[in-house]
Amino acid sequence: MQIETITTHPYEDQNPGTSGLRKKVKIFQQPGYLENFVQSIFDSLENFTGKSLVLGGDGRYFNRLALQTIIKIAAANGFGELIVGQGGLLSTPAASHIIRKYQAFGGLILSASHNPGGPDEDFGIKYNVSNGGPASETYTDAFYRRSLVIDSYKYARIDDIDLDCIGSQQIEGLKITVIDSVADYAELMQSIFDFNLLKQSISSGYISLLFDAMSAITGPYAKRILVDMLGASPESLINAVPLEDFGGHHPDPNLAHAHELAERMFSDNAPTLGAASDGDGDRNMITGSQIFVTPSDSLAIMAANAHLIPAYAKGLNGVARSMPTSQALDRVAAYYNIPCYETPTGWKFFGNLLDAGKITLCGEESFGTGSDHVREKDGLWAVLFWLNLVAVRRQSVADIVHEHWQKFGRDIYCRHDYEAIETPIANGIVEHLRSQLPTLAKQSFGDYVVKFADEFSYEDSVDGSVSRNQGIRVGFENGSRIVFRLSGTGTVGATLRIYLERFEADSALHDQEAQVVLNDLIILAEQLCEVKKRTGRTAPNIIT
């Protein structure tokens, strides 16, 4: 194997965000840009010579070409085996499972998650460690430091690999194995859920479903599991073929972007359960006939009913949610007397809790839920969880949600996203909020009296690491909250997310429209952060 050392120069913008490095495709196509970042990762890792590395991505534009480059760099750096998804495809949760199942050293996942794809859109890459979870900040900080001084990368002069042909080949000391992208993951799902009950419920017509893969990675997974294994009709899947540009759509599973699914679910002949997943398959949206289940409610309902699912029949060790996620999960944890952890946004923060056995189930308001079966959030797993729940309880999605609210109360909740704000303006908004924190406590705003105002900081209960500046919280005496946070998942400017939450115990008031109930908090949030005043915007880009 001919290995070359190629001279390069550093790029200053390769600091990984919440889930890896995400940039426009054209940025990744700059000479040495992808190569620099991959080599910076390998330069920051130790003791991987001869070990296995998992490779795959969500199939977006540049996925195949990038994989061929990464294969050559990994070969030159001394990995002993590369495990690659067929066609270069692996959903993020499937990649996590494969790393764990085959005890790989780690994996590189090529994805920009729910961001658009195409020549003029987004691309991303992130490193997952041996537990199958995203690299911690200790790792990503090291990758960035190395990227600022890198002056060369290693490259093996080998032919491109046939990514479509399942099987193994040996190139001197390197074994390259192309695997079925779906098989291992499907086997895992079969071990968690009651597939016999699901097949019976679908074949009898008790459950009908509609799954929108959004022209992204979960199409092949949904076809194998929902259609081939569980017997759902092929018409149950829409947008099920992965496309490099996701069909020109935004592969983000919410009511705005999964509009075809939403129209069907709020029509007169809606199926029992409707769901969607995102670009890389780790997010989910759950709907029933005439009802949208907020991600925060979905997480709480799954926790309250986990004992009805075969893999969780013995109960949960504990649960965790990201800080901006509603407090609905906390109420379930208190009722069942199990620990509940509040972490920063980003799945990597759940990893230590899962590895230590402190939690079994976790999730976040940004359409992500998961459990200890992998170390990523998992979209299709969540869909199967809800299918299993409907089949066991013999209730509609709406009935399950309303019964949950009657028992635990409802945390009325929404999120307002202001996207692509110029970075200096976004930072100015955060600084303006910070300046108010010392004086907000005990202030009254109509019916809302401030109980606390702070910037969230998290100390990991397992390894003692501390993560600061994780979002600004304003909590009120009545349990309501406003949270402000700059998102790390975009590629242009900054996204300001505003989270609004109010608890309602009275079941007679549970069916109110969230935007109406939360209007006072929405007005107060603008008063505090001045996003409209500072940006000239009149409304958020997305409301969920």
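Residues numbered from 1 in each chain as written. Predicted model: local features only at pLDDT ≥ 70, side-chain atom pairs only at ≥ 80, totals over all residues. Heavy atoms only, no water.

A short note on the overall build of the protein chain
Thinking step 1. Helices and strands together make up the secondary structure of the protein chain, namely 18 helices and 27 strands.
Thinking step 2. Over its C-alpha atoms the protein chain spans a radius of gyration of 23 Å, differing by no more than 12% from the 24 Å that the globule rule assigns to 544 residues.
Thinking step 3. When the backbone C-alpha atoms are referred to their principal axes, the protein chain occupies close to 70 × 60 × 40 Å.
Thinking step 4. Within the protein chain, the proportion of its 544 residues that are buried is 60%. (Helix = DSSP H or I, 4+ residues; strand = E, 2+ residues; numbered from the N terminus. Rg over C-alpha atoms; globule rule 2.2 N^0.38 Å. Buried < 20%, exposed > 50% of the residue type's maximum accessible area, 1.4 Å probe, protein only.)

A few points about the packing of helix α10 (residues 295–305) against helix α14 (residues 397–408)
Thinking step 1. One can describe the packing of α10 onto α14 by two numbers: an axis separation of 11 Å at closest approach and a directional angle of 80 degrees. Our classification of the angle between α10 and α14 gives roughly perpendicular. Across from D297, A300, I301 and A304 in α10, the residues of α14 making contact are I400, V401, H404, W405 and F408.
Thinking step 2. A class-by-class count of the residues in the contact of α10 with α14 yields seven nonpolar, one polar and one charged. (Axes fitted to C-alpha atoms, helices over the stretch in contact; angles between N-to-C directions. Parallel < 35°, antiparallel > 145°, perpendicular 65-115°, else oblique. Contact = heavy atoms within 4.5 Å. Nonpolar A, V, L, I, M, F, W, Y, C, P; charged D, E, K, R; others polar.)

A word on the nonpolar core
Thinking step 1. In terms of nonpolar packing, the biggest core is built from 75 residues, with M189, F211, L226, W381 and W386 touching the most fellow members.
Thinking step 2. In terms of residue count, the dominant contributor to this core is helix α13 (residues 379–393) (eleven residues).
Thinking step 3. In this view, W386 contacts L273, I286, V293, S298, I301, M302, V397, I400 and V401; residues no more than four positions away in its chain are not counted.
Thinking step 4. Core analysis: the second largest hydrophobic core is formed by 44 residues, Y11, L108, L110 and I171 among them. (Core = buried A, V, L, I, M, F, W, Y, C linked by side-chain atoms within 4.5 Å.)

Remarks on the sheet that holds strand β19 (residues 410–421)
Across a sheet, strands are paired by hydrogen bonds formed along the backbone, either parallel or antiparallel in direction.
Thinking step 1. With antiparallel pairing, the seven strands of this open sheet are ordered in space as β20-β21-β24-β25-β26-β19-β27. Strands at the two margins of the open sheet, each flanked by one partner only, are β20 (444–445) and β27 (542–543).
Thinking step 2. Along the sheet, helix α17 (residues 519–529) makes contact with β19, β20, β21 (448–455), β24 (472–476), β25 (481–487) and β26 (494–504), crossing β26 at roughly 140 degrees. (Pairing = 2+ DSSP bridges.)

Re helix α8 (residues 218–229)
Since the α-helix advances by 3.6 residues per turn, residues separated by three or four positions end up pointing in the same direction.
Thinking step 1. Restricting attention to buried positions, one finds in α8 the residues T218, G219, Y221, A222, I225, L226 and V227.
Thinking step 2. A positive backbone phi angle near 85 degrees is found at G231, which sits one or two residues after α8.

Digging into helix α7 (residues 195–203)
Thinking step 1. Three or more residues of α7 are buried, namely F195, L197, L198, S201 and I202. Within α7, the buried residues cover an arc of 160 degrees as seen down the axis, which keeps them to one side. Exposed and facing more than 90 degrees away from the buried side of α7 are N196, Q200 and S203.
Thinking step 2. Considering only its buried residues, α7 is in contact with α6 (183–192), β10 (209–212), α8 and α13.
Thinking step 3. Where α7 terminates, the next one or two residues include G205, which has phi positive at roughly 90 degrees. (Arc of directions from axis to C-beta.)

Quick notes on the packing of aromatic side chains
Thinking step 1. Taken as a whole and judged by the stated rule, the model has 21 aromatic pairs.
Thinking step 2. Between F193 and F385, the ring centres sit 6.3 Å apart and the planes meet at 75 degrees, which makes this aromatic pair edge-to-face. Linking F193 in the loop between α6 and α7 with F385 in helix α13, this pair joins segments that are 192 residues apart in sequence.
Thinking step 3. We note R331 situated over the ring of F503; from NZ or CZ to the ring centre the distance is 3.8 Å.
Thinking step 4. Geometry around Y206 places R394 over its ring, the cationic atom sitting 3.7 Å from the centre. (Phe/Tyr/Trp six-rings, centres within 6.5 Å; stacked < 30°, edge-to-face > 60°. Lys NZ or Arg CZ within 6 Å of the ring centre and 35° of its normal.)

Quick word on the pairing of strand β4 (residues 81–89)
Thinking step 1. Among the nine residues of β4, eight are classified as buried, and the element is accordingly described as predominantly covered.
Thinking step 2. Note that strand β3 (residues 52–57) and β4 share five bridges and pair parallel. Following the sheet pairing, S52 is matched in β4 by E81.
Thinking step 3. Regarding the hand of the β-α-β motif, the stretch spanning β3, helix α3 (residues 63–76) and β4 is right-handed.
Thinking step 4. Sheet analysis places β4 next to strand β9 (residues 174–179), joined by five bridges and oriented parallel. Within β9, the residue paired with I83 across the bridge is T177. (Right-handed = clockwise from strand over helix to strand, strands pointing away.)

Comments concerning the environment of Y61
Thinking step 1. Here Y61 shows up in the loop between β3 and α3.
Thinking step 2. Given a relative accessible area of 28%, Y61 falls into the partly exposed group.
Thinking step 3. When neighbours within four sequence positions are excluded, Y61 is seen to be in contact with V25, Q29, G118, P119, F123 and E244.

Describing the pattern of salt bridges
Thinking step 1. This structure, assessed with the given rule, holds 33 salt bridges.
Thinking step 2. Measuring nitrogen to oxygen at the nearest pair gives 2.8 Å for the salt bridge that ties E455 to R434. In this pair, E455 is assigned in strand β21 and R434 in helix α15 (residues 423–440), connecting sequence segments 21 residues apart.
Thinking step 3. Here E455 falls in the partly exposed class, since its relative accessible area comes to 22%.
Thinking step 4. Judged by relative accessible area, which is 27%, R434 ranks as partly exposed.
Thinking step 5. Sharing partners across several salt bridges, the network here consists of R321, D330, E342, D454, R473, R481 and E501. (Salt bridge = Lys/Arg side-chain N within 4 Å of Asp/Glu carboxyl O.)

Here we look at the side chain of T360
Thinking step 1. Here T360 lies in the loop between α12 (348–355) and β17 (361–364).
Thinking step 2. Taking the relative accessible area as the measure of exposure, T360 reaches 5% and is therefore buried.
Thinking step 3. Among the polar contacts listed, one links the side chain of T360 to the backbone nitrogen of N317, at a separation of 2.9 Å.
Thinking step 4. If sequence neighbours within four positions are ignored, T360 has contacts with Y312, L316, N317, G318, L354, G370, S371 and D372. (Polar contact = N/O pair within 3.5 Å; in protein donor to acceptor, adjacent residues only side chain to side chain.)

Brief notes about the sheet that holds β10
Thinking step 1. Taken in spatial order, the five strands line up as β11-β10-β12-β13-β14 in an open sheet, and their pairing is mixed. The open sheet is flanked by β11 (237–238) and β14 (291–293), the only strands paired with a single partner.
Thinking step 2. Here strand β12 (residues 273–277) runs beside strand β13 (residues 284–288); their pairing, made up of five bridges, is antiparallel. The residue of β13 that forms the bridge with A275 is I286.
Thinking step 3. The strands that α13 touches are β10, β12, β13 and β14; relative to β12, the one it contacts most, it runs at about 170 degrees.

A few points about the packing of α6 against α8
Thinking step 1. The contact between α6 and α8 brings their axes to 10 Å, and the two run at 50 degrees. By the criterion of interaxial angle, the relationship of α6 to α8 is oblique. Our pair here, α6 against α8, has a crossing hand that is right-handed. Across the interface between the two elements, A183, Y185, A186, M189 and Q190 of α6 pack against Y221, R224, I225 and M229 of α8. (Left-handed = near helix turned anticlockwise from the far one by under 90°.)

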